[in-house]
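An overview of the molecular structure
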Amino acid sequence: MSGTFLPLLFVLLLIAAFIRGDFALTLIYLVVGALAAGMWWCYRALAQVEAKRRFASHAFLGEKIKIDLHVQNKGWLPILWLELRETLPVALAGPNSFQSVIHLGPRASANFEYSVEARKRGYYPIGPLSIFTGDILGLSESLKAESRAEHLVVYPKIIPLTSIEIPSHSPQGTLRHTLPLFEDPTRVFGKRGYASGDSLRRIDWKASASTGRLQVKLFEPSIALETCVILNLNAQDYYYRSRIDATELAVVLAASISNWIIARKQMVGIMVNGHDPQTADGKPQAIPPRKGKHHLIRLLETLARVEITENSALVPLIQQQRYQLAWGTTLIVITGQASDELLDELYQARRGGQNPVLILAGRDASEESIRRRARIFGITVFSFTAERDLKIWTQESKRI
Amino acid sequence: MNQRFTANAARTEKVFRAISYALVFLMMACSVMTIGNLIQNVAPDSRSGIIAGIMLFIVIDRLYTYRQLKSLTPLSSEWTVAVGTQWIVIVLFIRLLLSYANGLDALLTDLSLFARGYLTSFFTPEFVFTLLLALLFWYLPAQFLELLDEIGLDQRLVLREDPTPIQSDTIPAHQRLVNLIFTLGIFLVILTALALINLRAMLSAPGAIPHLQVNPFSGGEAGVLFYFVFGLALLSLSRLMSLQTHWNQLRIPVSSKDLTRRWGMYSLAFLLILAVIVSLLPAGDSLGFFSLLATLLGFLMGVLIFLSQLLIALVLILFSLPFLLFGKAPPLLVNSPAPSLLPHLPVVAVSPVTNSALWMLIRSIFLWGALLAVIVFSFLRFVRQHDSLLAALRRSRITNWLILAWQWLYRNAGETGGTVSRALVDGWQNIVARLERKRLLPRTGLISLKLFDPRQRIYFFYLAMIRRGGEQGLRRKSSQTPSEYAATLEKALPAVAEDIDSITEAFVQARYSRHEVDSRQADRVKATWERIRRALQRMSRGE
């Protein structure tokens, strides 16, 4: 309200009270009426505005997401002007964000369409939509309302891997294995004559009856590649100059490996120590190993959301979650640096029957020392400084 | 900025400029009218009409030359020459016109005196006063136009790429325009009030305290009223301009093509509705607040006295009845005073006298109610604008106590209201029920099926079947399920056995399931019921 409004009202009231001038009363009605009616119109109109957004809430990297914005005046009172300003993340929309000015008649609506580009994985808020309006005379300040933000998940980049050699100790799986340690009784690949010491359970009685000699079944050995990807997003564990790129590479690795495992109909889970904006305490929920495309989507959603964080050590997380994983599970730890404490914990896991694999993401000066120590603990180490290094898994197999 | 945008902006600027210049001129004309009226009141012999005419001329001249003068650098030689020549013309024009107002001879005399160098005769008090007013009316329109230019009338000024950095504490131009309009409005209101008071009578009145005399009507009232109306119209226009400027600066596209046209339309409608409402609200001819309160209380007291006197009179009559039976004059009635008539609304003598005292009372209630609302509204706005005051009020014990008291009153009033309304409803239902029992009121037996939803309609048809069946001796036992009763009916009415099954099934579904029941189902049940009803009728006829 203007600073001169109250003095004017005061003068008018004085004149109305002492002189009983009709004009003073009429002016009070006029001025106060203009202010009150303008404000009422403005408040009422804003309360009747409803804005809805429609868009695909999940997208893969590089996709263009079309967003339909529907703004409706649900009341009979026309809305003279509405200034719409959509708050969009810079990573998706760049400097251009959607904004427009509209007029809405009684029960009228307006539709807008704009698009954003999924340039970077993440969990992005689309909105809030700020709606401004004001009175026709400008006697009161503009009013602002905000419609709630909705979220868009951009999945991390998935590099199609073809040949990874991740060892597993878990028997009775669906992947063929060269060692005859874990034979699968459901996979019969031949028969041979009975030899002393063969288990009676292996005897194929029908074949023995038809040949007249005892025959035993030969089983194909197989393993189950039950895997848990442990992603370290603790900022202190990455070289500070390449922290952002290295953590992004770590996420890409986690997503690509998960995709590769799911494609082989194996079980994969995930553990991250980063920040998840969707959870109440900001800690990402550990996802136990499961199979299937739906499970992969769940993993990717988590990987899309997680962000780098400070002072969130990985070792306590492994200590806490390791005991819930089955014997023989492969633990793929993706990190920037590996401390002795971490290597010791992985060694304990190895002794407990699990199979730890260490993947170093990003450039680090202490890489050789980590390799040396890991070799002492008997832990397999892979190292990637950039996405192009993943060629070893897309073209040829390399065991370090 | 593309060419099309520039063309549109230029066209809009042209329209806005024409309208805003017209509104500024009208506002200045209203101001001139008000000031002229005051001059007429204070000095009736002065030539207020001529002075008003001169002021209007100056306003027009200022509006016409504003842009030319603005294009010149202030205090430069060109600017000095332009302003100097303009003022020489104005001064001469004023002097000659004032002289001419006294007649042609007076004009010639003044000219001859001026030619001889008698400058003292040139600067008369009237001329000096008019000159001062001219200065004011030369200055005021420029203030309005400068603000309008800043708001957005001059698109080149507001949309230039290197705008002057705006300080955060700078009041927006639109706000300054509001302040200017209201400040000038306050000034005009005070002048109008002075014009209403009979100043001469006051000043000439004997005694220490001058008596306040109010003129019945002053032309300045209309001037100030219209000044505010035009002022509000200008505010509406400037609001649109400031918004458009803001949108242009932020590169926010306006999706509604006809926003300007609609703005104009809505502004007109808004001001028109406001004017109609304002004209309907009561003003003047009203009682003072306390006298109004006293009037209302007096009236209520009068009603109470009248009722008490009436009761006393009835009691006296009852006491007197035995005396009348014995043929003696009742002693109490002899000197008892008759109950007074119902008191009339007292009329406070105000001038001019109104036609109806009741109408005056209603108007007064409206008036003072509106004023109270204004005061409360202003107070609330003031408190909201001053956070520290609000915090202090919240901390104050008295405020807390008042809030608690209000909450207690509000809660109790709500509870009492609820209790009273329940009691009233119960009482009314009791009365109606008793009257119905005594057959004084007819039973409301008509049921409108249109009021029922489809589910209720199915209930209705099924219950109708039970009632009609009962009338034909096929009464449903309280232990019977719908299916058992259907079997009973089917035995008696084998021709419509399927229909009985169908209506029973529909009823069971409607009664015990959560399925959606639509009106088509209800219509089918109705048709089924019609067939059963005809069968029952045939049965009653013994066919």
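The following refers to the structure shown.

Moving on, we come to the pattern of salt bridges. All names here are of chain A. Summed over all chains, the structure comprises 24 salt bridges over all chains. For the salt bridge of aspartate 198 with arginine 192, the shortest nitrogen-to-oxygen distance reads 2.8 Å. For aspartate 198, a relative accessible area of 15% translates into the label buried. A salt bridge links arginine 371 to glutamate 368, with the nearest nitrogen and oxygen atoms 3.9 Å apart. Within this pair, arginine 371 and its partner glutamate 368 are both found in helix H9 (residues 367–377), separated by 3 residues, close to a single helical turn. Of the residues examined, arginine 371 reaches a relative accessible area of 13% and is grouped as buried. Shared partners join several salt bridges into a network, and the residues in it are Glu50, Lys52 and Lys74.

Turning next to the packing of helix H7 (residues 314–322) of chain A against helix H8 (residues 340–351) of chain A. Residue and element names in this part refer to chain A. For the pair H7 and H8, interaxial distance at closest approach is 9 Å and the crossing angle is 15°. Comparing the axis directions of H7 and H8 gives the class roughly parallel. For the pair H7 and H8, the sense of crossing is left-handed. The segment H7 lies against H8, with Leu314, Val315, Ile318, Gln319 and Arg322 engaging Glu341, Leu342, Glu345, Leu346, Gln348 and Ala349. Counted by class, the contact of H7 with H8 contains 6 nonpolar, 2 polar and 3 charged residues.

A few words on the interface of chain B and chain A. Counting residues at the interface gives 61 residues for chain B, matched by 53 residues for chain A. Carbon and sulfur atoms supply 76% of the area buried between chain B and chain A, which totals about 5,000 Å² over both sides. Taken together, chain B and chain A are joined by 0 salt bridges. Summed over the shared surface of chain B and chain A, the number is 11 residue pairs in polar contact (both at pLDDT 80 or more). Contributions of two or more residues to the side of chain B that touches chain A are made by helix H8 (173–196), helix H10 (219–249), helix H11 (259–280) and helix H14 (357–385) of chain B. Of all the elements, H8 of chain B adds the most residues to the side of chain B that touches chain A, at 13 residues.

Another aspect to go through is the packing of aromatic side chains. Enumeration according to the criterion identifies 18 aromatic pairs over all chains in this entry. Between tyrosine 462 of chain B and phenylalanine 507 of chain B, the aromatic rings sit 4.0 Å apart at their centres with planes inclined by 5°, giving stacked as the arrangement. With tyrosine 462 of chain B in helix H17 (residues 454–471) and phenylalanine 507 of chain B in helix H19 (residues 497–512), this pair connects stretches of sequence that are 45 residues apart. Given a relative accessible area of 10%, phenylalanine 507 of chain B falls into the buried group. Taken together, the ring pairs connect Trp41 of chain A together with Tyr266 and Phe270 of chain B into an aromatic cluster. Positioned over the ring face of tryptophan 76 of chain A is arginine 107 of chain A, at 5.0 Å from the centre of the ring. Between arginine 62 of chain B and the ring centre of tryptophan 138 of chain B, over which it is positioned, the NZ or CZ distance is 4.0 Å.

Basis of the calculations
- In every chain, residue numbers begin from 1 and rise along the written sequence.
- Naming scheme: in the order in which they are written, chains are lettered from A and ligands are numbered from 1.
- With pLDDT at 70 or above as the cut-off, local features in this predicted model cover only qualifying residues; side-chain atom pairs require 80 or more to be listed or tallied, and sums for whole chains, interfaces and linings still use all residues.
- Think of the side-chain values as coming from all heavy atoms in the structure, minus any hydrogens and water.
- Just to be clear on terms, a salt bridge is a Lys or Arg side-chain nitrogen sitting within 4 Å of an Asp or Glu carboxyl oxygen.
- Type-normalised accessible area, obtained with a 1.4 Å probe on protein chains alone, sets the label of each residue: buried when under 20%, exposed when over 50%, and partly exposed for intermediate values.
- Strands are runs of DSSP state E lasting at least two residues, helices are runs of H or I lasting at least four, and both sets are numbered from the N terminus onward.
- Interaxial angle, 0 to 180 degrees, is taken between N-to-C directions of lines fitted to C-alpha atoms, where a helix line uses only the stretch in contact.
- Geometric relationships in this document are graded by angle, where less than 35 degrees denotes roughly parallel, more than 145 denotes roughly antiparallel, 65 to 115 denotes roughly perpendicular, and other angles denote oblique.
- Helix crossings get a hand from a simple test, with the near helix turned counterclockwise from the far one by less than a right angle marking a left-handed crossing and a clockwise turn marking a right-handed one.
- What makes two residues a contact is simply this: any of their non-hydrogen atoms within 4.5 Å.
- When residue character is reported, Ala, Val, Leu, Ile, Met, Phe, Trp, Tyr, Cys and Pro are called nonpolar, Asp, Glu, Lys and Arg charged, and the others, Gly included, polar.
- Two parts placed together each lose some accessible area; with a 1.4 Å probe, that loss summed over both constitutes the buried area.
- Within 3.5 Å is the distance limit for a polar contact, defined as a pair of N or O atoms, with the added protein rule that one can donate a hydrogen and the other accept it, and that residues adjacent in sequence qualify only through two side-chain atoms.
- Aromatic rings from Phe, Tyr and Trp, with only the six-membered ring used for Trp, were paired whenever their centres fell within 6.5 Å, and each pair was classed as stacked if the ring planes differed by under 30 degrees, edge-to-face if by over 60, and tilted otherwise.
- By the criterion adopted, a ring carries a charge over it if an Arg CZ or a Lys NZ lies within 6 Å of its centre and within 35 degrees of its normal.

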